[in-house]
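What the coordinates show
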Amino acid sequence: MAKPVNFVCVAPAAKQVFITGDFNDWETSAHPMKRQPDGAWQISLPLNHGPHHYRFSVDGKPVLDPKAQGVARDHQGEKVSLVAVS
């Protein structure tokens, strides 16, 4: 059963921000985040139970989430953020 998970990326100078991860096959344009009035970017995604790897794409550059529950490595050995859904 999927549970909504909120993600926030603080990047007030960014022109566009996406979230990419194992939940969208690392597709960089699948989930655009929405700019908030305070300059942060937000999205809520339904995720299934278990750990998920992800990172933000800020103007095309990969960025880790400083508020993530942890840091892991993807299949290419690159650092990614970790969230566990229970």
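Going by the structure above, here's the rest.
Predicted, not measured: the structure shown is a model, and the values here were computed from it.

**Observations regarding the environment of Gln-69**
Tracing the backbone shows Gln-69 in the loop between β6 (61-63) and β7 (70-73). Residue Gln-69 is classed as exposed on the basis of its relative accessible area of 57%. With 18 residues separating them in the primary sequence, Gln-69 and Pro-51 have C-alpha atoms 9.9 Å apart. Excluding residues within four positions of it along the chain, Gln-69 makes contact with Leu-82, Val-83 and Ala-84. A distance of 2.6 Å separates a polar side-chain atom of Gln-69 from the backbone nitrogen of Ala-84.

**Notes on the environment of Gln-36**
Note that Gln-36 resides in the loop between β3 (34-35) and β4 (40-47). Considered as a pair, Gln-36 and Asp-65 are 29 residues apart in the sequence and their alpha carbons are 17 Å apart.

**Observations regarding the packing of aromatic side chains**
Inspection of every chain in the model, using the stated rule, returns three aromatic pairs. Arranged with centres 4.8 Å apart and planes meeting at 65 degrees, the rings of Phe-7 and Tyr-54 form a pair that is edge-to-face. Of this pair, Phe-7 sits in strand β1 (residues 3-10) while Tyr-54 is found in strand β5 (residues 50-58), placing the two residues 47 residues apart along the sequence. The same class applies to Phe-7 as to Tyr-54, namely buried. Through a chain of ring-to-ring contacts, the aromatic side chains of Phe-7, Phe-23, Tyr-54 and Phe-56 assemble into a single cluster.

Rules used in this analysis
- Residues numbered from 1 in each chain as written.
- Predicted model: local features only at pLDDT ≥ 70, side-chain atom pairs only at ≥ 80, totals over all residues.
- Heavy atoms only, no water.
- Helix = DSSP H or I, 4+ residues; strand = E, 2+ residues; numbered from the N terminus.
- Buried < 20%, exposed > 50% of the residue type's maximum accessible area, 1.4 Å probe, protein only.
- Contact = heavy atoms within 4.5 Å.
- Polar contact = N/O pair within 3.5 Å; in protein donor to acceptor, adjacent residues only side chain to side chain.
- Phe/Tyr/Trp six-rings, centres within 6.5 Å; stacked < 30°, edge-to-face > 60°.

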